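Chains, contacts and geometry: an overview
Chain by chain, the residues run as shown.
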Amino acid sequence: MRCKLCGRPAYIKLHYPRMYLCEEHFVEYFERKVQRTIEKYKLLRKGEKILVAVSGGKDSAVTAYVLNKLGYDMECLHINLGIGEYSEKSEAYARKQCAIIGAPLHIVRVKELLGYGIGEVKTRRPPCSYCGLTKRYIMNKFAYDNGFDAIATGHNLDDEASFLLNNILHWNTEYLAKGGPLLPGEGKFVKKVKPLYELTEREVVAYALAVGLEYIVEECPHARGATTLDMKAMLNEMEEKRPGTKMNFVKGYLRKRHLFELREKVELKECKVCGMPAQGEVCSFCRFWGLEKPLDFRVRRG
Ligand code: Q46
Ligand code: ZN
Ligand code: ZN
């Protein structure tokens, strides 16, 4: 098959909208779509300082690559979770990716910072639960301490659609209030954005390959990814039969999200230890890690 735009041999067949594109036109299409997503949902403005959270995986690498190419002022943060070889490999990929992109990379190592890696803490909580908490906190505090205007993550359309489907199946209305491409900043919470919100996983993989980004393929040893993979497979099956299913599902959600939003907002206090927003006296991060003084992520520049 041939590219719809120039007639050269096709690199990819897009399902929605249905068309064949050569490599060059696909790369152009992909970047334009990211730019349009940013404008449509008012995610970022030129001149804002953006921190891209790079995990070593494909989605965050592509996010960093495209934001840099589109001329955004961005730097990267890799959080080494201290999960043995998996984390060492992830960090090596993140370094390689940022070298290709030419973006400054900051690295925070959980084990050096807190004494234990994820999975090494004696607790009843499953690793993924305190891993999520730890990543979210470090990302936000790092961005806040260093004056970033936004944190960009690599979530794509498949991630969002499977997140929604899973939370609808369990009627987790609390989570259903928190989807979408933009989480506005508030107080000490730095704005969070998902520039790949309207691009599929398949498109992200094809883009990474086209521009020569390598990434970690292995799953984290703690991943209980089966559910997410099931959801994604189901959605892909439906997408095959009815192209546009995922996009319509996600867009429909954005129109109905207000149904899940709580009317009463929880009043947040300041954590007694670190000063960041907390529901109780001490925030969940400082409580979990038993901190007595705040972590300081300020980077010396110059
Ligand atoms: S949460 Fe869980 Fe992931 Fe953390 S412990 Fe691994 S699988 S890395 S997305
Ligand atoms: Zn072409
Ligand atoms: Zn705290």
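Going by an unreviewed UniProt entry, the protein carries the name ATPase and comes from Pyrococcus yayanosii.

Section: the UniProt feature "binding site: ATP" (unreviewed entry) in the protein
When the UniProt feature table is mapped onto this chain numbering, "binding site: ATP" (unreviewed entry) sits at Ala-53, Val-54, Ser-55, Asp-59, Ile-79, Gly-154 and Asp-159. For Val-54, the position within the fold is in the loop between strand S3 (49-53) and helix H2 (58-69). Judged by relative accessible area, which is 2%, Val-54 ranks as buried. Those residues within four positions of Val-54 in sequence are excluded, and the remaining contacts are Ser-60, Ala-64, Cys-76, Leu-77, His-78, Ile-79, Ala-94, Cys-98 and Leu-105. If you trace the backbone, Ile-79 turns up in strand S4 (residues 73-80). When residues no more than four places from it in sequence are discounted, the contact partners of Ile-79 are Val-54, Val-108, Val-110, Lys-135, Ile-138 and Met-139.

Thoughts on the site of ligand 1
In the vicinity of ligand 1, the contacting residues are Leu-81, Ile-118, Cys-128, Cys-131, Lys-135, Cys-220, His-222 and Ala-223. Partitioning the shell around ligand 1 into residue classes produces 6 nonpolar, 1 polar and 1 charged.

Describing helix H3 (residues 84-101)
Under the 1.5 Å per step criterion, the end-to-end length of H3 is 26 Å for 18 residues, consistent within 8% with the ideal 26 Å. Of the residues making up H3, those classed as buried are Ser-87, Ser-90, Glu-91, Ala-94, Gln-97, Cys-98 and Ile-101. Seen end-on, H3 carries its buried residues on one side only, within an arc spanning 125°. In H3, those exposed residues whose orientation departs by more than 90 degrees from the buried face are Glu-85 and Ala-99. Of the surrounding secondary structure, the elements contacted by the buried residues of H3 are H2, S4 and strand S5 (105-109). Among the residues trailing H3, Gly-102 stands out with phi positive, at a value near 80°.

Focus: the coordination of the zinc ion (ligand 2)
Within the protein, the atoms that donate to the zinc ion (ligand 2) are Cys-3 (SG), Cys-6 (SG), Cys-22 (SG) and His-25 (ND1), at distances of 2.0 to 2.4 Å. Around the zinc ion (ligand 2), the 4 donor atoms sit at angles spanning 101 to 115°, and that spread fits a shape best called tetrahedral. Of note, the donors binding the zinc ion (ligand 2) are all from one chain and are spaced C-x2-C-x15-C-x2-H. Linking Cys-6 in the segment before strand S1 (12-15) with Cys-22 in the loop between strand S2 (18-21) and helix H1 (23-40), this pair joins segments that are 16 residues apart in sequence. Among the residues examined, Cys-6 registers a relative accessible area of 34% and is labelled partly exposed. Take Cys-22: its relative accessible area is 3%, and that puts it in the buried class.

What about the pairing of S4?
Burial analysis of S4 places 7 of its 8 residues in the buried class, the great majority of the element. Relative to S4, S3 runs parallel, the two being bridged by 5 bridges. The residue of S4 that forms the bridge with Lys-49 is Asp-73. Where S4 and S5 come together, 5 bridges link them in parallel fashion. By the bridge assignment for S5, His-78 is matched with Ile-107.

A word on helix H8 (residues 201-211)
Every buried residue belonging to H8 is among Glu-203, Val-204, Ala-206, Tyr-207, Ala-208 and Val-211, and all of these are buried. Looking at the buried positions of H8, the neighbouring elements they touch are S1, H1 and H2. One or two residues past the end of H8 sits Gly-212, with phi positive at roughly 80°.

Conventions and cut-offs
Residues numbered from 1 in each chain as written. Chains lettered and ligands numbered in written order. Predicted model: local features only at pLDDT ≥ 70, side-chain atom pairs only at ≥ 80, totals over all residues. Heavy atoms only, no water. UniProt positions renumbered as here; feature names shortened; annotations may be inferred. Helix = DSSP H or I, 4+ residues; strand = E, 2+ residues; numbered from the N terminus. Buried < 20%, exposed > 50% of the residue type's maximum accessible area, 1.4 Å probe, protein only. Contact = heavy atoms within 4.5 Å. Near = heavy atom within 4 Å. Nonpolar A, V, L, I, M, F, W, Y, C, P; charged D, E, K, R; others polar. Expected span 1.5 Å × (residues − 1). Arc of directions from axis to C-beta. Donors = N, O, S within 2.8 Å, 3.2 Å for Na, K, Ca; no water. Tetrahedral: all angles 85-135°; square planar, octahedral: opposite > 155°, others 65-115°. Pairing = 2+ DSSP bridges.

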